Every structure is written in C-alpha cells, then in structure tokens.
Amino acid sequence: MPTILVTNDDGVYSPGLLALTQRLRNIGRVMVLAPERNWSASSHAKTMQQPVRVHPVVLQDGSEAFATTGSPTDCVALAAAGVLDAVPDLVVSGINAGHNMGIDISYSGTVACAKEAAVKRIPGIAMSTVHPLEVDFDIRVLLEKTAEIAARISRVVLARGLPPDTLLNVNVPGAEPDAIKGMHITRMGHRRYDADEVIERTDPYGVPYYWLGGSRPQDVLDDGTDVGAVANGYVSVTPITLDMTAYGFLDALREWKLE
Ligand code: MN
C-alpha cells in the first residue's frame, strides 16, 4: 500500500484536511502532518531561524495526526526527511478553504506544499475549493466530493508518477456536487488583484494599522484556464512546474547585449 502524506496551510484542524484524510485512507496508508495554526498565503515559507516542534494531535474523527510549529512546506520537508514512520510516496495538500487559481498559486501555502514535494522528488497534488463563507449549502458535501476527486487523481498519479519538477494544482467549483459538470485540464489563468484595497484603521492608541487581502479579485475567464474552467462549473487540473523561466523573453533579453 502506498504511503500518502496529507498536509495543508489552513491548520491541522481544518475540515478540508479531515475530509481529504478520510477519503484517501481507501487508497493508501495516510499520515497527517500539518501546521498547528492557519498559514494561508504564506507561500513557500521555510523555518530556518528557530527550531520546529512536531507533536501528536487527535483529529475530530479520533484518528492520530501530527501538528507542527513550522510552516506548511516544513511539513513536507520533515516527512521527506523521514521524521514520520515512512517517507511518503505521494503528498496531497488541502483541501484548501478557498480557490488557488492564477496568481493565487504564488501566494498559496497549499500549492507550495505540492511544490516542496516536487523539490523532494515526490509527486504532489494541491486541492482547493471555495471558502465555506461563500456558499449557501452544507460545505461538507462539497468537501466529500472534492476528496473523492482527490482520491481519483491520486490513484492515477501513484500509478503513472509525475514528470520531474512538476505538480498538479486542482480546483473544484463552489457548487453542489450534482452541478459539477466534469473535469478540464487547464493552464494557469489570470486573477487580478491590482485593484486591491488596503483598509486603514486606527488603534486605541491613535496609531494607524492596515488590513490587506479583503478584496475580491477580478478573474479573466479565458477558455482553457483554471479560472475559466471553475467559473464554468468544471474541476480544473493544472500542471505546474518549478521552472519559472520566462522562455518567451529569453531571446529578446539576449538582444539587450548585457552579457
Ligand atoms: Mn489556506
């Protein structure tokens, strides 16, 4: 039986992590190691200036898991280094409370866990769906559906592997399961935060402070992209690579004669 590490960036007690863990037990031996608090939008943060602790916790269904004081990607690095019983054959991160599409991929701790898996030469899958506050039905049915999709993709990834430096970023529409139309293989699309509001308030001592990240992004709903597929009711599966070279600009940059 394959060993699967389940982790996330929402914290070890997130309902999305529990749903994913329960469903993946049907296809492998599941180990859970996740941050003890919410690290959403922490990207690929790595704890290097202080020690990281790992301690056992009990999930809501009574099962054993581990929590860490470290970051989301620290969890993957710890597991890959053999800190748990076994080195995982697959890392599945999520289910994140909120989609990770377009430029979200750069901010996301959920996706970074799958990236860290790729760094460690372990196949990685990031799973995200809508934030519970954005739907008017019981989110648990959607988490179960998303976990089922994760299991289906995981089975194929375990059988076929992924190319080097490559991970899968999966987004499930925020719809009741019956309304999900199917699955599209997509490219990374455009989600714009250029109109992001920064809210300034004043604390009781008269000193200003700021809230970031409360605005809704503008999605560019191109065909074939993650944001487009999800907006049209399809599960989006995007292959992501660690290589961030702007290949389309290489030749033009050479013509600048900087060398
Ligand atoms: Mn999150």
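Let us look at the structure shown here.

Cut-offs used in this document
- Going along each chain's sequence as written, the residues are numbered from 1 onward.
- Whole-chain, interface and lining totals are the exception, using all residues; otherwise, since this is a predicted model, local features are given only for residues with pLDDT of at least 70 and side-chain atom pairs are given and counted only at 80 or more.
- Side-chain measures here rest on the full set of heavy atoms in the structure, leaving out hydrogens and waters.
- One speaks of a salt bridge when a side-chain nitrogen belonging to Lys or Arg is within 4 Å of a carboxyl oxygen belonging to Asp or Glu.
- The helix count covers DSSP runs of H or I at least four residues long, the strand count covers runs of E at least two residues long, and both are numbered beginning at the N terminus.
- Buried residues are those whose accessible area, probed at 1.4 Å on protein chains only, stays under 20% of the maximum for their type, while exposed residues exceed 50% and partly exposed ones sit between those limits.
- A fitted line through C-alpha atoms serves as each axis, taken over the contacting stretch for helices, and the angle formed by two N-to-C directions is quoted from 0 to 180°.
- To sort the angles, those under 35 degrees are grouped as roughly parallel, those over 145 as roughly antiparallel, those from 65 to 115 as roughly perpendicular, and the leftovers as oblique.
- Two helices cross in a left-handed way if the nearer one is turned anticlockwise from the farther one by less than a right angle. They cross in a right-handed way if the turn is clockwise.
- Should any heavy atoms of two residues lie within 4.5 Å, those residues are counted as being in contact.
- Each residue is assigned to one class: nonpolar for Ala, Val, Leu, Ile, Met, Phe, Trp, Tyr, Cys and Pro, charged for Asp, Glu, Lys and Arg, and polar for all the others, Gly among them.
- Sodium, potassium and calcium take a 3.2 Å donor cutoff, other metals 2.8 Å, and in both cases only N, O and S atoms count; water is not among them, so sites may look incomplete.
- Residues enter a patch when their relative accessible area is above 30% and they make no salt bridge; the linking distance is 9 Å between like charges and 5 Å between nonpolar side chains (Val, Leu, Ile, Met, Phe, Trp, Tyr).
- Under the convention used here, a 1.4 Å probe and the Shrake-Rupley method define accessible areas, while residue burial counts only the protein chains that appear.
- To form a nonpolar core, buried Ala, Val, Leu, Ile, Met, Phe, Trp, Tyr and Cys residues must be joined to one another through side-chain atoms within 4.5 Å.

**Focus on the pattern of salt bridges**
1) Next: Within this structure, the stated rule accounts for eight salt bridges.
2) Next: The salt bridge partner of Asp-85 is Arg-29, with a shortest N-O separation of 3.3 Å. Highlighted residues: Asp-85 in the loop between helix 2 (72-80) and strand 5 (90-97) and Arg-29 in strand 2 (residues 29-35), separated in sequence by 56 residues.
3) Next: On the accessibility criterion, Asp-85 (72% relative accessible area) is exposed.
4) Next: Here Arg-191 and Asp-219 are joined by a salt bridge, their closest N and O atoms 2.7 Å apart. Taken together, the residues span a long stretch of sequence, with Arg-191 in strand 9 (residues 190-192) and Asp-219 in strand 12 (residues 218-220) at a distance of 28 residues.
5) Next: Given the relative accessible area of 14%, Arg-191 is considered buried.
6) Next: Classification of Asp-219 by relative accessible area gives partly exposed; the value is 29%.
7) Next: Put simply, Asp-104, Arg-191 and Asp-219 are held in one network by salt bridges that share partners.

**A look at the packing of helix 2 against helix 4 (residues 109-119)**
1) Next: In the contact formed by helix 2 and helix 4, the axes pass within 8 Å of each other and the chain directions differ by 25 degrees. The angle between helix 2 and helix 4 places the two elements in the roughly parallel class. Seen from above, helix 2 lies across helix 4 with right-handed handedness. For the pair helix 2 and helix 4, the contacting residues are Pro-72, Thr-73, Val-76 and Ala-77 in the first and Gly-109, Ala-112, Cys-113, Glu-116 and Ala-117 in the second.
2) Next: For the contact of helix 2 with helix 4, the residue count by class is six nonpolar, two polar and one charged.

**A short note on the coordination of the manganese ion**
1) Next: Every protein donor of the manganese ion is listed here as Asp-9 (OD), Asp-10 (OD), Ser-40 (OG) and Asn-96 (OD1), and their distances to the metal cover 2.1 to 2.2 Å.
2) Next: A relative accessible area of 37% means that Ser-40 is categorised as partly exposed.
3) Next: Relative accessible area serves as the criterion here: at 7%, Asn-96 is assigned to the buried category.

**Notes on a nonpolar patch on the surface**
1) Next: A grouping of Phe-249, Leu-253, Trp-256 and Leu-258 is seen on the molecular surface, where their side chains present a nonpolar patch of about 440 Å² in accessible area.
2) Next: Residue placement: Leu-253 occurs in helix 7 (residues 247-254).
3) Next: In this structure Leu-253 comes out as partly exposed when scored by relative accessible area, which is 31%.

**Details of the nonpolar core**
1) Next: Judged by nonpolar contacts, the single largest core of 40 residues is most densely connected at Leu-24, Ile-125 and Met-127.
2) Next: In terms of residues, this core owes the most to one element, helix 5 (residues 139-160), which gives nine residues.
3) Next: If sequence neighbours within four positions are ignored, Ile-125 has contacts with Leu-90, Val-91, Val-92, Ser-93, Ala-114, Ile-153, Ser-154, Val-157, Leu-168 and Val-170.
4) Next: Core analysis: the next-biggest nonpolar cluster, separate from the first, contains 12 residues, Leu-5, Leu-84, Val-91 and Cys-113 among them.

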